[in-house]
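Structural characterization, general
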Amino acid sequence: TEQRKNGVVRILDTETKQETVVKTASETMAQAKGKYVVNDITDDGTMAVGAFNGSFTDDGSFFGTPGIYDVATQTWKALPMPTGMNSAYVNSVTPDGRYAVGFCEDNVLNVFASNSSGVMWDVQNGKVMLLPGLPTMPQDYSSKQETYSQVSADGRYIVIFGNQSIFPTAFVYDRTETSYI
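Since this is a predicted model, take the numbers as computed values, not measurements.

Conventions and cut-offs
- Every chain is numbered on its own, with residues counted from 1 as its sequence reads.
- Only residues with pLDDT of at least 70 are given local features in this predicted model, and only at 80 or more are side-chain atom pairs given and counted; all residues enter the totals for whole chains, interfaces and linings.
- The basis for every side-chain value is the complete set of non-hydrogen atoms in the structure, without hydrogens or water.
- The way it works is that DSSP assigns letters per residue, a run of H or I at least four long becomes a helix, a run of E at least two long becomes a strand, and they are numbered from the N terminus.
- We call two residues in contact whenever any of their non-hydrogen atoms come within 4.5 Å of each other.
- Strand pairing is assigned whenever DSSP detects at least two bridges linking the two strands.
- Stacked, tilted and edge-to-face are the three classes applied to pairs of Phe, Tyr and Trp rings, where Trp contributes its six-membered ring and a pair requires centres within 6.5 Å; stacked means planes under 30 degrees apart, edge-to-face means over 60, and tilted covers the rest.
- Both a distance and an angle decide whether a charge sits over a ring: NZ of Lys or CZ of Arg must be within 6 Å of the ring centre and within 35 degrees of the ring normal.
- Summary of the burial criterion: residues with accessible area below 20% of their type's maximum are buried, those above 50% are exposed, and those between are partly exposed, where the area comes from a 1.4 Å probe applied to protein chains only.
- Between the N-to-C directions of two axes lies an angle of 0 to 180 degrees, each axis being a line fitted to C-alpha atoms and, for a helix, fitted only over the stretch in contact.
- In the cavity and pocket records, a cavity denotes points on a 1 Å grid over the protein atoms alone where a 1.4 Å probe fits but cannot get out, a pocket denotes an open set with protein on both sides within 12 Å along at least 5 of 7 lines, and lining residues are residues with an atom within 4 Å of a point.
- Grid points are joined across faces, edges and corners, and a volume is the space filled by probe spheres set on the points.
- Classification used: nonpolar for Ala, Val, Leu, Ile, Met, Phe, Trp, Tyr, Cys and Pro, charged for Asp, Glu, Lys and Arg, polar for all others including Gly.

Positionally, Lys23 belongs in the loop between strand E3 (19-21) and helix H1 (29-32). In contact with Lys23, other than residues within four places in its own chain, are Thr28, Met29, Ala32, Tyr36, Tyr69 and Gln74.

Below is the structure:
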């Protein structure tokens, strides 16, 4: 995906060189400007993941709804957020579209006072997954900053990254063993 070209997200099929603008079927390109973030796409190119119905804050954060985008029908489907969170987006999806990972925030309007938490979705069932045995992230300033950056092809391993400013921390979490390194 090409994130922003004139404020509009585009998906490029590298085999056919066909470009798809990420928008709903009824939107113009001008209406789609700045509303979407796309971070990953399934191997067959039918589903993209990111966030929609959003906007960028002054500090560059994106305030939106986590979701999956059906490339053929040009429709977004929201993924649920954990209780107490008001913004999220998806970073990565398994090649088959079964699992996705990302992060959510409780106060995106003030990035220095916002706590972010990683989240994993079972896309097929439309549910947030609970992951036992997770590592404890150190606090950075006065808030927790955590994202699930990548998920392995089978959904077993998740890269967890956090607290970029003072205590950069990264783990690889194993869902089968409920452990991390």
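Overall, antiparallel pairing links the four strands, which are arranged E12-E13-E14-E15 in an open sheet. A single partner strand is all that each edge strand has here, and the edge strands are strand E12 (146-151) and strand E15 (179-180). In this structure, strand E13 (residues 157-162) lies alongside strand E14 (residues 169-174), joined through six bridges in antiparallel fashion. For Ile158, the partnering residue across the bridge sits in E14 and is Tyr173.

Topologically, Glu105 is positioned in strand E9 (residues 99-105). Residues Glu105 and Ser87 lie 18 residues apart in sequence; the distance between their C-alpha atoms is 5.4 Å. For Glu105, the contacting residues outside a window of four places in its chain are Met85, Asn86, Ser87, Ser114, Asn115 and Ser116.

The next subject is the packing of aromatic side chains. What the rule picks out here adds up to five aromatic pairs. Centroid distance Tyr69 to Trp76: 5.1 Å. Interplanar angle 50 degrees. Geometry classified as tilted. In this structure an aromatic cluster arises from ring pairing among Tyr36, Phe52, Tyr69 and Trp76. The lysine or arginine in question, Arg175, covers the ring of Tyr99, its NZ or CZ lying 4.8 Å from the ring centre.

Let us look at the pairing of E12. Within E12, five of the six residues are buried, which leaves it mostly tucked inside the rest of the structure. Across five bridges, the pairing between E12 and E13 is antiparallel. Counted as the bridge partner of Thr147 is Phe161 from E13.

The next subject is the sheet that holds E9. Spatially, the four strands line up as an open sheet ordered E8-E9-E10-E11, and their pairing is antiparallel. Of all strands in the sheet, those with a lone pairing partner are strand E8 (87-93) and strand E11 (127-129), marking the two edges. Between one strand axis and the next, the sheet turns through 40 degrees on average, direction left out of account. Relative to E9, E8 is paired through six bridges, and the arrangement is antiparallel. Looking at E9, one finds that Tyr89 is bridged to Phe103.

Attention now goes to the layout of surface pockets. Rolled over the atoms, a probe sized like a water molecule indicates the empty space that remains. Within this model, the second largest pocket holds a volume of roughly 280 Å³. Looking at side-chain class alone, the lining of the second largest pocket contains four nonpolar, seven polar and three charged residues.

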